[in-house]
Amino acid sequence: MITLAPTWVRTLLRLQIPVFCHASRVDELLERVDHHPLARDFARVIQTFDGHSFEALPRVQLHPIQLAHDRAGSHGFVIEGFGCRIGYATDLGHVPAALLQCFTNLDMLALESNYDPRMQMQSARPWFLKNRIMGGAGHLSNQQAFEAIVRILNRMEKLNGRLPQHIVLLHRSLECNCPKLVRNSSAGM
């Protein structure tokens, strides 16, 4: 989890932007801002969710999908509203069966494509970090992302389901990936 910069805390409070956080991670989030003079006010914009669907905005439903990122996990979402359906997932480590089951009939698929394995191994990052990222509970490589996309598309074709009109690749590492490698990975699709 990222430490929230003081300017972001003020902006979130000033605009009353809700911060959705899994109920089990609220204390961890609050620790990230406990040094901030507005920490107590920040707690008021946090809205918790559990494993059940919730309404993030009027007529916008979020369906959380548990993901195995680091020790505490993270969540992907199927977002539904206004006649659109979006599948969104970063911080996967690997693609769980639940995600493949939920990412159906999407209008947009937004999936992490974080790193190139060769660049990751050649980077100056410490071994523990490389292992964390590539160890199945960190992030998806370009190849893993494209394999997941192909599986999702193939599944929808078999079910005569709707294919996404847009596919967006997210959370690309600046140090261990580059747009050219991402494009080259997709050429095999």
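Residues numbered from 1 in each chain as written. Predicted model: local features only at pLDDT ≥ 70, side-chain atom pairs only at ≥ 80, totals over all residues. Heavy atoms only, no water.

Things to note about unusual backbone geometry
Backbone geometry at Arg59 places phi at a positive 70°, although glycine is not the residue there. Turning to its location among the elements, Arg59 is positioned in the loop between strand 3 (54–57) and strand 4 (60–67). With phi around 55°, Asn160 is a residue other than glycine that occupies positive phi space. Tracing the chain through its elements places Asn160 in the loop between helix 7 (142–158) and strand 8 (166–170). Residue Asn160 is classed as exposed on the basis of its relative accessible area, which comes to 71%. (Helix = DSSP H or I, 4+ residues; strand = E, 2+ residues; numbered from the N terminus. Buried < 20%, exposed > 50% of the residue type's maximum accessible area, 1.4 Å probe, protein only.)

Topic: the packing of aromatic side chains
Overall, the coordinates contain 4 aromatic pairs when judged by the stated rule. Their ring planes at 65° and their centres at 5.6 Å tell us that Phe49 and Phe77 sit as a pair that is edge-to-face. With Phe49 in strand 2 (residues 46–49) and Phe77 in strand 5 (residues 74–81), the pair connects residues that are 28 residues apart, well separated along the chain. Both residues of the pair, Phe49 and Phe77, count as buried. Taken together, the aromatic side chains of Phe20, Phe49, Phe54 and Phe77 make up a single cluster linked through ring pairs. (Phe/Tyr/Trp six-rings, centres within 6.5 Å; stacked < 30°, edge-to-face > 60°.)

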